[in-house]
Amino acid sequence: MALLKKTSSRRSRLRKGMTTERFSQISRFANMDSFISVLLELLFVIVCVFILSFGLVQQQRYRELIPIAAVVVLISVGGSFYIYHYQRRIITNHARAIALAGLFILLLATTKIGVLLTNQTSWATGTAVTAAIILTIAYSQRFAIGMSIFYSLFACMAAGPQMDMKLFLTMSAGIFACCFSLREIRTRMKLLEVSALASVVVFIMALTLNFLTQNMWVGAVFSNAGWHAAATIVAGMLIHSLLPLIEKVFRIATSMTLLDYSDANQPLLKRLAMEAPGTFSHSLLVGSIAEGAAESIGRNGLLCRVGAYYHDIGKINKPSYFIENQLGLSSRHKELSPAMSQLIIVGHVKDGIEMSKEYGLPAVLRQFIETHHGTTLIEYFYNEAKRKHDAEQPSDASVGPSESEFRYPGPKPLAKEAAIVMLADAVEGAVRSLSEPTPTKIETVVHNMAVKRLQDGQFDECDLSLRELSQIEASVSKALAAHYHGRVAYPKPVDEVEEPEDKNKVGAEQAKSSSEQVGEKPN
């Protein structure tokens, strides 16, 4: 009878931990998002094989379907791993996955039909450049280059029965030229400039490769290179005309669209300026501050500026309850309990989200409305609630208002641009309450507010580093100091004498106003 080995308790716990970890990994892999992604990829492979083998089926060359299917599967798996490493959100966002797969299938079908009808491989170059430009607009330069190269492999198969290295190099030249020259679209001529540059690069590459590899007469060489360059130009013009549709399909907003939304004649901004002029002025200043801070760390300054313009649009519904719109009148919160005031202040975030959806604001701008307060504490009314509770029930000081009741619902900023707008919004309100905003005082307020937000965990979701936060502080302090700069007092007439009582009255009013604005005021 064999003796059973005794296992130590530590080894048992380790084995249980390994089993639990393996189970969690399997569960993560086998969740619904991954299952749907696998089905989408399988459908994509089937459609691609059908498109690429269209001519073979007509010629009854069925044996060649197997190697074509194998190559398509390998390329698709490679593209899937690339997406998993660099744009993992596509796996969970099925709308984006369908849009990406649909783009590839549409371009591949266009290439196949064009080659069959005209016998010109320049169709492949045009569609490859189209894929590169669209993916650069929708995602990033690195992701666009990688996915466009994967598409080029499909396009080479669609252009002919054998892989053509000349065609692949020509397409790659156009892809790299487009991706590296297209960073953002701020003017309507940008896409035409990019496509013109890419066409020159494609023409030179095609011309050189034709001279090196074929014994063609000069006219045919130039004609072939010209067709590739023309296809590149046409691709740029086509994308230029379809840019609004591309933005809607991929749910993005280009810099040109952001510039359109920064126009003061936009309906929401016009309403904000008319119904809440103080908030409008505050938003303009926050936008200017946030833009400089974002550019100081290499982020999208234009997105910060336009997002700041809209971050407080929810105050349009109840403008008089916010101090910047009271215009010297008494605060309406004096008639309300701290809990009711808190509901009104928090409500401007929810109202802003509803208004952004009503007016069709892009999703990239809605994030600034949702996250510009994060889950911060409304200190002013929280302290008022504590003071009122202590005054009414001094013996029961242990039980009082909870901080969670006086916090914004969130979410916290997910992008660095949203975190910058959050900090600029809070700092601008705090500096405005200073009686004498000197550069030193401004730097102190900015630093204290940044540290406060950091310790409160408001920057946990956006990967903002301490070095970047320090650069943002310096930029914001400089911008605020420039805005609240000192001025030389105008000389008064000799016969104008100010009464001492008036001086005391003015000083008392200024002190009272400053004391009301200290802390997390209803701003």
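Residues numbered from 1 in each chain as written. Predicted model: local features only at pLDDT ≥ 70, side-chain atom pairs only at ≥ 80, totals over all residues. Heavy atoms only, no water.

(A) Main features of the nonpolar core. In terms of nonpolar packing, the biggest core is built from 66 residues, with Tyr-310, Leu-365, Ile-420, Val-427, Ile-472, Val-476 and Leu-480 touching the most fellow members. With 11 residues, helix H19 (residues 416–432) is the single largest residue contributor to this core. Contacts of Val-476, omitting those with residues within four sequence positions, involve Ile-289, Ala-293, Val-427 and Val-446. Of all hydrophobic cores here, the second largest spans 62 residues; its members include Phe-44, Ile-51, Met-171 and Ile-246. (Core = buried A, V, L, I, M, F, W, Y, C linked by side-chain atoms within 4.5 Å. Buried < 20%, exposed > 50% of the residue type's maximum accessible area, 1.4 Å probe, protein only. Helix = DSSP H or I, 4+ residues; strand = E, 2+ residues; numbered from the N terminus. Contact = heavy atoms within 4.5 Å.)

(B) Broad picture of the packing of helix H4 (residues 65–86) against helix H8 (residues 141–159). Viewed as axis vectors pointing N to C, H4 and H8 meet at an angle of 175°, and their least axial separation amounts to 10 Å. If you check the angle between H4 and H8, you find them roughly antiparallel. Of the residues in H8, those in contact with Ile-68, Val-71, Val-72, Ile-75, Ser-76, Gly-78, Gly-79, Tyr-82, Ile-83 and Tyr-86 of H4 are Arg-142, Phe-143, Gly-146, Met-147, Phe-150, Leu-153, Phe-154 and Met-157. Within the contact of H4 with H8, the residues separate by chemical class into 13 nonpolar, four polar and one charged. (Axes fitted to C-alpha atoms, helices over the stretch in contact; angles between N-to-C directions. Parallel < 35°, antiparallel > 145°, perpendicular 65-115°, else oblique. Nonpolar A, V, L, I, M, F, W, Y, C, P; charged D, E, K, R; others polar.)

(C) Looking closely at the packing of helix H10 (residues 190–213) against helix H11 (residues 218–250). Between H10 and H11, the least distance of the axes is 8 Å, while the angle of their chain directions is 160°. Comparing their axes, H11 and H10 come out roughly antiparallel. Crossing hand, H10 versus H11: right-handed. Residues of the contact of H10 with H11, tallied by class, amount to 17 nonpolar, nine polar and no charged. (Left-handed = near helix turned anticlockwise from the far one by under 90°.)

(D) Geometry of helix H13 (residues 267–275). Those residues of H13 that sit buried are Leu-268, Leu-269 and Leu-272. Looking down the long axis of H13, one finds its buried residues gathered within 95° of arc, a one-sided arrangement. For H13, the secondary structure elements touched by its buried residues are helix H12 (255–261), helix H14 (277–296), helix H15 (301–310) and helix H16 (338–358). (Arc of directions from axis to C-beta.)

(E) Inspection of the packing of aromatic side chains at higher detail. Applying the stated criterion across every chain, the model contains 14 aromatic pairs. Centroid distance Phe-104 to Tyr-151: 5.5 Å. Interplanar angle 65°. Geometry classified as edge-to-face. Of the two residues, Phe-104 is situated in helix H6 (residues 94–118) and Tyr-151 in helix H8; the sequence distance between them amounts to 47 residues. Residue class for Tyr-151 comes out buried when judged on its relative accessible area of 1%. An aromatic cluster of at least three residues, connected via ring pairs, comprises Tyr-82, Tyr-86, Tyr-139, Phe-143, Phe-150 and Phe-250. Sitting over the face of the ring of Tyr-84, Arg-88 holds its NZ or CZ atom 4.2 Å from the ring centroid. (Phe/Tyr/Trp six-rings, centres within 6.5 Å; stacked < 30°, edge-to-face > 60°. Lys NZ or Arg CZ within 6 Å of the ring centre and 35° of its normal.)

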